[in-house]
Amino acid sequence: IRDRKVILFFGYIRKYKGLKYLIDAMPEILKKSNLKLLVVGEFYDDENKYREQIKNLNLENNIKVISDFVPDERVKYFFSACDVVVLPYTDATQSGIIQIAYYYDKPVIATDVGGLSEVVINNETGILIKPNSSEAISNAVIKFYEENLEEKFSAKASSEKEKYSWEKFVTTIEEMVN
């Protein structure tokens, strides 16, 4: 049984994804919870500035960065390893990462930007927080673990994924056409 808590940041790493805020939140989170942040994705922003930030905050033992493209068949390993997916975006229209998280019955902590609040149901499939705030991120992660929300949120995420299935998509299109 895995005794280490793991939060996941997954996907292309671009400035608007807000990774710097999540890294800045880690020292506060670690005061309350021994966990690891798994950062997985290709960098489309300067990777060195994130690695410097991690080093400057002495977080090398708590943040694992895998800066590679992840083929579809390996995605499951990262989602299966985590308790919650964190999307600290500063701006977004949508994110397919939420549907992937739901597919693996994983809750999501996301910023309330763009269409993310249409997919993450606050306090049911995850927690919605204000953007550009390391404090909001740390508060949400701490709340997630202190209130043992994983089981409750995961159950709801599991039922939510049905909305995004191919079967549902095909049925909706058939209804529109007929």
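Residues numbered from 1 in each chain as written. Predicted model: local features only at pLDDT ≥ 70, side-chain atom pairs only at ≥ 80, totals over all residues. Heavy atoms only, no water.

**Q** Any chance you could explain the layout of surface pockets here in plain terms?
**A** One way to see where empty space is left: roll a probe the size of a water molecule over the atoms. Here the largest pocket is characterised by a volume of approximately 230 Å³. Taken together, 14 residues make up the lining of the largest pocket; nearest its centre are Phe10, Gly11, Tyr12, Phe69 and Val70. For the lining of the largest pocket, a count of residues per class yields eight nonpolar, two polar and four charged. (1 Å grid on protein atoms, 1.4 Å probe; cavity = no way out; pocket = protein on both sides within 12 Å on 5 of 7 lines; lining within 4 Å. Points joined across faces, edges and corners; volume = space filled by probe spheres on them. Nonpolar A, V, L, I, M, F, W, Y, C, P; charged D, E, K, R; others polar.)

**Q** Would you explain the pairing of strand β6 (residues 126-129) in this entry?
**A** Walk down a regular strand and you will see the side chains alternate between the two sheet faces. Side-chain alternation along β6 places Gly126 and Leu128 on one buried face and Ile127 and Ile129 on a second face that is also buried. Alignment of strand β5 (residues 108-111) against β6, held across four bridges, turns out to be parallel. Pairing of Ala110 across the sheet is with Leu128, part of β6. (Buried < 20%, exposed > 50% of the residue type's maximum accessible area, 1.4 Å probe, protein only. Helix = DSSP H or I, 4+ residues; strand = E, 2+ residues; numbered from the N terminus. Pairing = 2+ DSSP bridges.)

**Q** Explain the packing of helix α1 (residues 19-32) against helix α6 (residues 134-146) here, please?
**A** Between two packed helices, the angle of one axis relative to the other and the distance separating the axes together describe the packing. Viewed as axis vectors pointing N to C, α1 and α6 meet at an angle of 40°, and their least axial separation amounts to 8 Å. When the axes of α1 and α6 are compared, the pair comes out oblique. As for the relative orientation of α1 and α6, their crossing is right-handed in sense. Seen from α1, the contacting residues are Tyr21, Leu22, Asp24, Ala25, Glu28, Ile29 and Lys32; seen from α6, they are Ser134, Ile137, Ser138, Val141, Ile142 and Glu146. (Axes fitted to C-alpha atoms, helices over the stretch in contact; angles between N-to-C directions. Parallel < 35°, antiparallel > 145°, perpendicular 65-115°, else oblique. Left-handed = near helix turned anticlockwise from the far one by under 90°. Contact = heavy atoms within 4.5 Å.)

**Q** Would you mind showing me how to read a nonpolar patch on the surface here?
**A** A cluster of nonpolar residues, Tyr12, Tyr44 and Phe69, forms a patch on the protein surface that exposes about 340 Å² of accessible area. Looking at the element boundaries, Phe69 is found in the loop between β3 (63-66) and α3 (72-81). (Patch = residues over 30% accessible without salt bridge, like charges linked within 9 Å, V, L, I, M, F, W, Y side chains within 5 Å. Areas by Shrake-Rupley, 256 points an atom, 1.4 Å probe, with all protein chains shown as cover. Salt bridge = Lys/Arg side-chain N within 4 Å of Asp/Glu carboxyl O.)

**Q** Even after reading the chapter, I still don't get the sheet that holds strand β4 (residues 84-87), so can you show me in this structure?
**A** Adjacent strands of a sheet pair through backbone hydrogen bonds, lying either parallel or antiparallel. Spatial ordering of the open sheet is given by β3-β2-β1-β4-β5-β6, a layout of six strands whose pairing is parallel. The open sheet has two edge strands with one neighbour each: β3 and β6. Across the sheet, the mean angle from the axis of one strand to that of its neighbour is 20°, orientation sign disregarded. The pairing of β4 with β5 spans three bridges and is classified as parallel. Bridged to Val85 within β5 is Val108. Most of the contacts of helix α4 (residues 96-103) go to β4, to which it runs at about 175°, and overall it touches β1 (5-10), β4 and β5.

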